[in-house]
Amino acid sequence: ESVDKVDNVKYETTVSAVLTATTNALNAEGYKPGYAFAGWAIDNTTTKAIDIASYLITTNTTLYALWTANTYTVYFDSNGATGGNTEPQAFTYDAAAAALNENGYERTGYQFLGWSTDSAATTATYVDKASVSNLTTTVNGTVNLDAVW
């Protein structure tokens, strides 16, 4: 798996290789929302992680965290449709915003208003083909959108 981003956050280490964050780019739990930790690099321009278990540290060394953007899938629920289908759609965190798949469902006697994360919603959070990004920070996450009629 390739690493998509190199974080410019500096991490300091002593000879004993204790790593501590020196900036606030990580949240209190020690991760970067929307990304998976992919290892450490010896400079902030590479996307290749070092083998930290065999990397010999003999002096104070600055290491840089490598992060891979999470991917997730949006599933479209018909929420009472009488026909049709809307295929699931894959997204990558922090990628350019993309349009949701066009609604392919039909419901006799109803007009499609859009999508919501609440199956009981009467107003849509997202219109048909809305441009979206970063709907979840969870690695391999899922987002369920229900049709609003």
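Residues numbered from 1 in each chain as written. Predicted model: local features only at pLDDT ≥ 70, side-chain atom pairs only at ≥ 80, totals over all residues. Heavy atoms only, no water.

Details of the overall build of the protein
Along the protein, the regular secondary structure elements total zero helices and twelve strands. In the protein, which comprises 149 residues, the proportion classed as buried is 31%. Sequence-distant contacts, at least 24 apart, represent 65% of the contacts inside the protein between residues at least 6 apart. A total of about 8600 Å² of accessible surface is found on the protein, and carbon and sulfur atoms cover 47% of it. (Helix = DSSP H or I, 4+ residues; strand = E, 2+ residues; numbered from the N terminus. Buried < 20%, exposed > 50% of the residue type's maximum accessible area, 1.4 Å probe, protein only. Contact = heavy atoms within 4.5 Å. Areas by Shrake-Rupley, 256 points an atom, 1.4 Å probe, with all protein chains shown as cover.)

A word on the pairing of strand S5 (residues 71–77)
A regular strand carries its side chains on alternate faces of the sheet. Of the two faces of S5, the one holding Tyr 72, Val 74 and Phe 76 is buried and the one holding Thr 71, Thr 73, Tyr 75 and Asp 77 is not buried anywhere. Where S5 meets strand S7 (residues 89–92), four bridges bridge the pair, whose relative direction is antiparallel. The residue of S7 that forms the bridge with Thr 73 is Ala 90. Judged from the six bridges that link them, S5 and strand S12 (residues 141–148) form a sheet pairing that is parallel. (Pairing = 2+ DSSP bridges.)

Comments concerning the packing of aromatic side chains
Scanning the model with the defined rule gives eight aromatic pairs in all. Ring geometry for Phe 37 and Trp 40: centres 5.2 Å apart, planes at 65°, overall edge-to-face. Given a relative accessible area of 14%, Trp 40 falls into the buried group. Between the aromatic rings of Phe 112 and Trp 149, the centroid separation amounts to 5.5 Å while the plane-to-plane angle is 70°, which identifies the pairing as edge-to-face. Here Phe 112, found in the loop between strand S9 (105–106) and strand S10 (114–116), pairs with Trp 149, found in the segment after S12; they are 37 residues apart in sequence, far enough to count as distant. Trp 149 shares its class with Phe 112; the two are buried. Looking at Lys 32, its charged tip hangs above the ring of Tyr 35, at a distance of 4.7 Å from the centre. Its guanidinium or amino end placed over the ring of Tyr 110, Arg 107 lies 3.9 Å from that ring's centre, counting from NZ or CZ. (Phe/Tyr/Trp six-rings, centres within 6.5 Å; stacked < 30°, edge-to-face > 60°. Lys NZ or Arg CZ within 6 Å of the ring centre and 35° of its normal.)

A word on the environment of Asn 144
Relative to the helices and strands, Asn 144 is located in strand S12. Each C-alpha atom of the pair Asn 144 and Thr 73 lies 8.6 Å from the other, and the pair is 71 residues apart in sequence. Residues within four places of Asn 144 in sequence aside, it is in contact with Tyr 75, Ser 116 and Thr 117.

Some thoughts on the confidence of the model for the protein
Model confidence for the protein is summarised by a mean pLDDT of 82, while 80% of its residues fall at 70 or above. Overall, residues 1–6 carries pLDDT values under 50, and its contacts beyond four positions in sequence, including any with other chains, amount to 21 contacts. (pLDDT = per-residue confidence, 0-100.)

So, the side chain of Asn 103
Within the secondary structure, Asn 103 sits in the loop between strand S8 (98–99) and S9. Judged by relative accessible area, Asn 103 falls into the buried class, the value being 15%. A polar side-chain atom of Asn 103 sits 2.9 Å from the main-chain amide nitrogen of Tyr 105. (Polar contact = N/O pair within 3.5 Å; in protein donor to acceptor, adjacent residues only side chain to side chain.)

Things to note about the sheet that holds S10
Taken together, the four strands give an open sheet; going across it, the order is S7-S5-S12-S10, and neighbouring strands pair in mixed fashion. Each edge of the sheet is formed by a strand with only one pairing partner; in this case those strands are S7 and S10. For this sheet, the mean angle separating the axes of adjacent strands, direction not counted, is 35°. (Axes fitted to C-alpha atoms, helices over the stretch in contact; angles between N-to-C directions.)

Considering the side chain of Asp 146
By the secondary structure assignment, Asp 146 is in strand S12. In this structure the side chain of Asp 146 is engaged in a polar contact, spanning 3.5 Å, whose partner is the backbone nitrogen of Ser 119. Here Asp 146 is in contact with Asp 77, Asn 79, Gly 114, Trp 115, Ser 116, Thr 117, Asp 118 and Ser 119, once residues within four sequence places are set aside.

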